[in-house]
Each structure stands twice: as structure tokens, then as C-alpha cells.
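Read off the chains here:
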Amino acid sequence: MNTEKVTARRLTAEEISGLGPQDAIFVSAGTGDLPLDCYAPAFLTEPGKNFEGGSFAARTVFGEEIHVLPDNAEESGIWVADKAGEEIEVLQSAGVLLNLALFVPNGNKESLESLYSAARDAFGAGVVQRWSEEVVEVPDVKVDLYEEPARARKNNSQNRDRRALDIYPTRVRFLEPSEGWKFIVEPHKEIVDDTPTI
């Protein structure tokens with residue numbers, strides 16, 4: 001675990017109500033499944049003045065959302081960097097979690113095991129882990145992916161943006177459309193340039 005010592009002070013509910021989502025704070029790094037005796041960099045999910053009932057919601061830089069009652073002495077509270085405060089341990093981002101979807105042509109158990117072994121050799125046996133494994137047979141075809149406004153008229157391809165051509169349909173599952181847009185997936189068509197040449 002990679003931590004660093006930061007000088008900070010604990011805030012009261014009244015002080016937190018003056019903060020906004022742009023203000024850097026520290027909250028407990030522990031989750032429900034994993035109690036940790038340190039803190040994580042975080043931000044309020046909305047301006048402090050919007051919260052009622054004394055509970056504040058914060059999102060850590062690791063994507064965890066937690067609710068804090070700052071005036072509860074049994075909770076770790078919300079902290080802010082302050083040279084006049086005390087030292088706390090702050091968890092640092094020490095790596096990247098990759099969610100990989102691999103397409104293996106004519107894939108079988110042996111080829112998947114060799115991929116896994118190669119990744120462990122490259123990054124270390126204690127680093128590469130299979131969190132979940134879904135083995136799905138997919139047709140060896142490719143598709144073209146377009147985006148169009150979610151409220152567009154049907155069959156109006158003029159408002160369509162090309163997102164990706166010649167990709168595998170399984171990859172589409174891991175993509176998200178732009179806000180206010182939806183995906184259109186079509187069988188891949190080779191682009192033929194019929195511009196007359198001289």
C-alpha cells in the first residue's frame with residue numbers, strides 16, 4: 001500500500017457546508033469490505049450547502065462514494081490540508097486496474113492459459129489476476145459503429161457520426177455512447193471510393 005503523510009485538520013459540519021465539489025478533501029479510504037486506517041483524496045458530490053441532516057456525500061479519486069457524519073466522533077470525518085493541523089496517512093494511487101476483453105481467434109483453453117501466463121511473466125505473478133472470466137464464443141465478423149442523436153428521426157443518417165469502423169461486436173459492449181447520443185451498429189461494409197479519376 002502506497003501512502004504519504006499529509007498535514008491536515010478535521011472539519012466541522014459548518015465548515016464543510018461552505019465547501020464545493022472543486023475543493024480537495026480527504027475522507028476515510030476504507031470500504032465496507034476493507035477497513036483501512038488511512039485516508040483518500042476526495043471531493044464532495046455537490047456543494048456542501050445542499051446537504052441536509054448532517055450527512056455529506058463524497059467521492060474518492062478511486063471512485064468510491066461514501067457518506068460521512070463529520071460531527072460523529074466515531075467516524076473518521078472529513079479533512080482538509082492545513083499546515084497547522086496534524087499528520088494523517090493518505091493513500092496514493094499506485095496502479096491502474098485494466099478490464100480487458102480479449103478476442104482469441106479459434107480460442108481454446110490452452111490459448112487462454114498461454115495468454116494468462118504471458119501476462120503474469122510480463123507484469124509479475126502477484127500483479128496479474130483474473131477477477132472474473134467470461135468465455136463467450138463470438139462470430140468472427142466485424143461491424144461498423146455509428147452514433148446519432150438519441151431523439152433523431154428514424155432512417156435519417158445525415159445526423160450520424162462515425163465512431164469506429166471494422167471492429168468486433170464484442171468490443172462495442174465495452175464502449176459508451178456520447179451524452180445525448182445512441183449507438184447504431186451495422187455489418188461492416190468496405191468503403192468504396194467511386195470518385196472519378198482522370
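Keep in mind that this is a model prediction, so the values were computed, not measured. (Residues numbered from 1 in each chain as written. Predicted model: local features only at pLDDT ≥ 70, side-chain atom pairs only at ≥ 80, totals over all residues. Heavy atoms only, no water.)

Draft legend 1. Layout of the sheet that holds strand S8 (residues 143-149). The 3 strands are arranged S9-S8-S10 in an open sheet whose pairing can be described as antiparallel. One side of each edge strand has no neighbouring strand; the edge strands of this open sheet are strand S9 (161-167) and strand S10 (181-187). Sheet twist, expressed as the average angle between the axes of neighbouring strands with direction ignored, equals 20°. For S8 and S10, the ladder comprises 7 bridges, and the chain directions are antiparallel. Residue Pro 149 lies in a different strand from S10, and its bridge partner there is Trp 181. (Pairing = 2+ DSSP bridges. Helix = DSSP H or I, 4+ residues; strand = E, 2+ residues; numbered from the N terminus. Axes fitted to C-alpha atoms, helices over the stretch in contact; angles between N-to-C directions.)

Draft legend 2. Layout of the pattern of salt bridges. Under the criterion given, the structure shown has 9 salt bridges. Residues Asp 82 and Arg 9 are paired through a salt bridge, measuring 2.6 Å at the closest nitrogen-oxygen approach. With Asp 82 in the loop between strand S6 (79-81) and strand S7 (86-91) and Arg 9 in strand S1 (residues 3-10), this residue pair connects regions lying 73 residues apart in the sequence. You can call Arg 9 partly exposed: its relative accessible area is 31%. For Glu 186, the salt bridge identified is with Arg 160, shortest N-O distance 3.0 Å. Separated by 26 residues along the polypeptide, Glu 186 in strand S10 and Arg 160 in the loop between S8 and S9 bring together distant segments of the chain. Residue class for Arg 160 comes out partly exposed when judged on its relative accessible area of 23%. Salt bridges linked by common partners bring Glu 148, Arg 160, Lys 182 and Glu 186 together as one network. (Salt bridge = Lys/Arg side-chain N within 4 Å of Asp/Glu carboxyl O. Buried < 20%, exposed > 50% of the residue type's maximum accessible area, 1.4 Å probe, protein only.)

Draft legend 3. Main features of the nonpolar core. By size, the foremost hydrophobic cluster in this structure holds 16 residues, and its most contacted members are Leu 11, Ile 16, Ile 25, Val 27, Leu 44, Phe 56 and Ile 78. Broken down by secondary-structure element, the contributors of at least two residues to this core are helix H1 (13-16), strand S2 (25-28), strand S3 (39-44), strand S4 (56-60) and strand S5 (65-68). If one sorts the elements of this core by residue count, S4 sits on top with 3 residues. Among residues more than four places away in sequence, those in contact with Val 27 are Cys 38, Tyr 39, Ala 40, Ala 42, Ala 58, Thr 60, Ile 66, Gly 77 and Ile 78. (Core = buried A, V, L, I, M, F, W, Y, C linked by side-chain atoms within 4.5 Å. Contact = heavy atoms within 4.5 Å.)

Draft legend 4. Spotlight on the environment of Phe 26. Inspection of the secondary structure assignment puts Phe 26 in strand S2. Classification of Phe 26 as buried rests on a relative accessible area of 12%. Along the chain, Phe 26 and Gly 107 lie 81 residues apart, while their C-alpha atoms are 46 Å from each other. Not counting residues up to four positions away in its chain, the partners in contact with Phe 26 are Val 6, Ala 8, Tyr 39, Ala 40, Pro 41, Gly 77, Ile 78, Trp 79, Val 80, Ala 81, Ile 88 and Val 90.

Draft legend 5. Here's a closer look at helix H2 (residues 109-123). Along its 15 residues, H2 runs 21 Å from first to last C-alpha, staying within 8% of the 21 Å computed at 1.5 Å per residue. Looking at the residues trailing H2, positive phi occurs at Gly 124, about 110°. (Expected span 1.5 Å × (residues − 1).)

Draft legend 6. Molecular detail of the packing of aromatic side chains. Following the criterion strictly, the structure yields 2 aromatic pairs and no others. Where Phe 51 meets Phe 56, the ring centres are 5.5 Å apart and the plane angle is 65°; that geometry is what we call edge-to-face. Note on accessibility: Phe 51 and Phe 56 belong to one class, buried. Seen from the ring of Tyr 146, Arg 160 lies directly overhead, with NZ or CZ sitting 4.9 Å from the centre. (Phe/Tyr/Trp six-rings, centres within 6.5 Å; stacked < 30°, edge-to-face > 60°. Lys NZ or Arg CZ within 6 Å of the ring centre and 35° of its normal.)

Draft legend 7. Focus on the environment of Leu 19. Note that Leu 19 resides in the loop between H1 and S2. Judged by relative accessible area, Leu 19 falls into the buried class, the value being 17%. Note: C-alpha distance between Leu 19 and Lys 49 (30 residues apart in sequence) is 7.7 Å.

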